[in-house]
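# A closer look at the structure
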Amino acid sequence: MPNRISTPAPTLATTTPAARRTSPLGGPVPILVAALLWGTTGTASSLAPDGAPSAGIGAAALVLGGLLLFLSTRSARALPRACGRRERWQLAVGAVAVVGYPVTFYPAVTRAGVAVATVIALGSAPVFAGLLGWLTRQGRPSGRWACATVTAVVGCAVLVLGPELTGGGAAVDTVGVALAALSGLSYAVYSLIGGKLISRGHPSAGVMGAMFGAAALLVLPVLFLGDLRWLASPRGAAVVLHLAVITTFLAYRLFGHGLRRTSAQTATTLTLAEPAVAALLGVAVLGERLPAVSWCGLAILAAGLAVLTVPVGTRRR
């Protein structure tokens, strides 16, 4: 799922002149590319061998991808020593939050279904990020961000829930909904912590590497408590390599780079592009069909993301 963040990153309430001159390539675009890569997760996971547990697939990808992020970056290994005591605590909380996402999201999928869990997890993340950023004085959410976020969340919900809306949905599991909301909170927490540390001048690759390296160690018990025979098969190994290298290592490098010039609140909204990519891949690769209402949701989602992608200071000449 859903990398992200030296000069202080602009808040949502105010935008510095330097930030207004920043090209989208320095902020929103890397985050959108990361979301595109995360969007391949569902299609890749569906190709895993029969019987491969979803939690085991996520844990294996986090272990390998997290270790790659940590071991490939010298600054990640040096960061705990370079940080003060408070920042080390923040890194620790960030690592726990990284683990919290798959630990809560996969059970949410099992109980509430892929569509409902995806909408609640990804839709709640920018809301949590905005509220937590405000409470921790990282910036009051602006009207532009609120409008774009509401538009994107509505578009995401219509896109993903379109088939259920047109076919009559079943009763929603409240525990599954709560777990999905917790996964959205986890995502918001580690995005905000990563953004805050990067804004203090720490290297983005180092921050992501340190958090995900620690998370890889924390999630090891989840991996080894399950049956690992699926991982020894060529298909199982290929799926995990894709998830670890593409959707974890590369995607979070891009996410961290984007956070250098984009607030965590805006970044979590931009990553709502992930379910759009997943839906399009389902149509193109898996032969799935989307109803007309879902295509309308895709258009609404794209409009919301476009509002955040276009620089605030862009003017016609």
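What counts as what
Residues numbered from 1 in each chain as written. Predicted model: local features only at pLDDT ≥ 70, side-chain atom pairs only at ≥ 80, totals over all residues. Heavy atoms only, no water. Helix = DSSP H or I, 4+ residues; strand = E, 2+ residues; numbered from the N terminus. Buried < 20%, exposed > 50% of the residue type's maximum accessible area, 1.4 Å probe, protein only. Polar contact = N/O pair within 3.5 Å; in protein donor to acceptor, adjacent residues only side chain to side chain. Core = buried A, V, L, I, M, F, W, Y, C linked by side-chain atoms within 4.5 Å. Contact = heavy atoms within 4.5 Å. Axes fitted to C-alpha atoms, helices over the stretch in contact; angles between N-to-C directions. Parallel < 35°, antiparallel > 145°, perpendicular 65-115°, else oblique. Left-handed = near helix turned anticlockwise from the far one by under 90°. Nonpolar A, V, L, I, M, F, W, Y, C, P; charged D, E, K, R; others polar. pLDDT = per-residue confidence, 0-100. Expected span 1.5 Å × (residues − 1). Patch = residues over 30% accessible without salt bridge, like charges linked within 9 Å, V, L, I, M, F, W, Y side chains within 5 Å. Areas by Shrake-Rupley, 256 points an atom, 1.4 Å probe, with all protein chains shown as cover. Salt bridge = Lys/Arg side-chain N within 4 Å of Asp/Glu carboxyl O. Phe/Tyr/Trp six-rings, centres within 6.5 Å; stacked < 30°, edge-to-face > 60°. Bend = angle between axes of the 7 residues up to and from the residue.

## A word on the overall build of the chain
The helix and strand tally for the chain stands at 15 helices and 0 strands. Considering the chain as a whole, with its 317 residues, one finds that 49% of them fall into the buried category.

## Considering the side chain of threonine 247
Mapped onto the elements, threonine 247 comes out in helix H12 (residues 234-259). Classification of threonine 247 by relative accessible area gives buried; the value is 5%. For threonine 247, the side chain forms a polar contact with the main-chain oxygen of leucine 243, separated by 2.5 Å.

## Some thoughts on the nonpolar core
Ranked by internal contacts, the top residues of the largest apolar core, which has 66 residues, are Trp38, Tyr190, Met211, Phe212, Tyr252 and Phe255. With sequence-adjacent residues up to four places away left out, methionine 211 is seen in contact with Leu91, Gly94, Ala95, Tyr190, Ile193 and Gly194.

## Quick notes on the packing of helix H4 (residues 54-71) against H12
Any two packed helices are characterised by how steeply their axes cross, that is the angle between the axes, and by the distance between the axes. The N-to-C vectors of H4 and H12 enclose an angle of 50°; their axes lie 8 Å apart at closest approach. Between H4 and H12, the crossing angle belongs to the class labelled oblique. Considering how the two elements wind past one another, H4 and H12 form a crossing that is right-handed. From H4, Ile57, Ala60, Ala61, Leu64, Gly65, Gly66, Leu68 and Leu69 reach across to H12, where they touch Val239, Val240, Leu241, Leu243, Ala244, Val245, Thr248, Phe249, Tyr252 and Arg253. Split by residue class, the contact of H4 with H12 holds 14 nonpolar, 3 polar and 1 charged.

## Side note on the confidence of the model for the chain
Segments scoring low in pLDDT should not have their predicted coordinates read at a detailed level. Here the chain averages 79 in pLDDT, while 83% of its residues score no lower than 70. Predicted confidence in the chain is weakest over helix H1 (residues 17-20), with a mean pLDDT of 37, and strongest over helix H10 (residues 204-218), with 94. Overall, residues 3-22 carries pLDDT values under 50, and its contacts beyond four positions in sequence, including any with other chains, amount to 65 contacts.

## Here we look at the side chain of threonine 73
Here threonine 73 is to be found in the loop between H4 and helix H5 (74-82). Among the polar contacts made by the side chain of threonine 73, one reaches the side chain of arginine 253 at a distance of 2.5 Å. Once residues lying within four places of it in the same chain are set aside, the contact partners of threonine 73 are Ala205, Gly206 and Arg253.

## Quick word on the packing of helix H6 (residues 85-112) against H10
Put simply, H6 and H10 touch, their axes get as near as 8 Å, and they point 60° apart. The orientation of H6 with respect to H10, classified from their angle, is oblique. Here the hand of the crossing between H6 and H10 comes out right-handed. Counted together, Leu91, Gly94, Ala95, Val96, Val98 and Val99 of H6 and Val207, Ala210, Met211, Phe212, Ala214, Ala215 and Leu218 of H10 form the full contact between these two elements. For the contact of H6 with H10, the per-class residue count stands at 12 nonpolar, 1 polar and no charged.

## With respect to helix H9 (residues 174-199)
The terminal C-alpha atoms of H9 lie 37 Å apart, and with 26 residues this matches the ideal 38 Å at 1.5 Å per residue to within 8%. Directly beyond the C-terminal end of H9, a positive phi value near 105° is found at glycine 201.

## What about a nonpolar patch on the surface?
On the surface, Leu64, Leu68, Leu241 and Val245 cluster together into a nonpolar patch covering about 280 Å² of accessible area. Taken together, the elements giving at least two residues each to the nonpolar patch come down to H4 and H12. Within the element layout of this structure, leucine 64 appears in helix H4.

## A closer look at the environment of leucine 182
Of note, leucine 182 is situated in helix H9. Judged by its relative accessible area of 42%, leucine 182 falls in the partly exposed class.

## Notes on the packing of aromatic side chains
In this structure the tally under the stated criterion is 9 aromatic pairs. Centre to centre, the rings of tryptophan 38 and tyrosine 252 are 5.0 Å apart; their planes meet at 50°, and the pair counts as tilted. Placement of the pair is tryptophan 38 in helix H2 (residues 28-38) and tyrosine 252 in helix H12, with a sequence separation of 214 residues. Overall, the relative accessible area of 3% leaves tyrosine 252 in the buried class. On the numbers, 6.0 Å between centres and 85° between planes, the contact of tyrosine 190 with phenylalanine 212 is edge-to-face.

## Digging into the pattern of salt bridges
Per the stated rule, a full pass over the model turns up 2 salt bridges. One salt bridge connects arginine 200 with glutamate 87, and the closest N-O pair in it is separated by 3.3 Å. Residue arginine 200 is located in the loop between H9 and H10, and its partner glutamate 87 is located in helix H6; the two are separated by 113 residues in the primary sequence. A relative accessible area of 13% places glutamate 87 in the buried class.

## Regarding H12
In a regular helix each residue adds 1.5 Å, so 26 residues correspond to 38 Å; H12 covers 35 Å between its end C-alpha atoms and thus fits that length. The largest bend in H12 comes to about 30°, at alanine 251.

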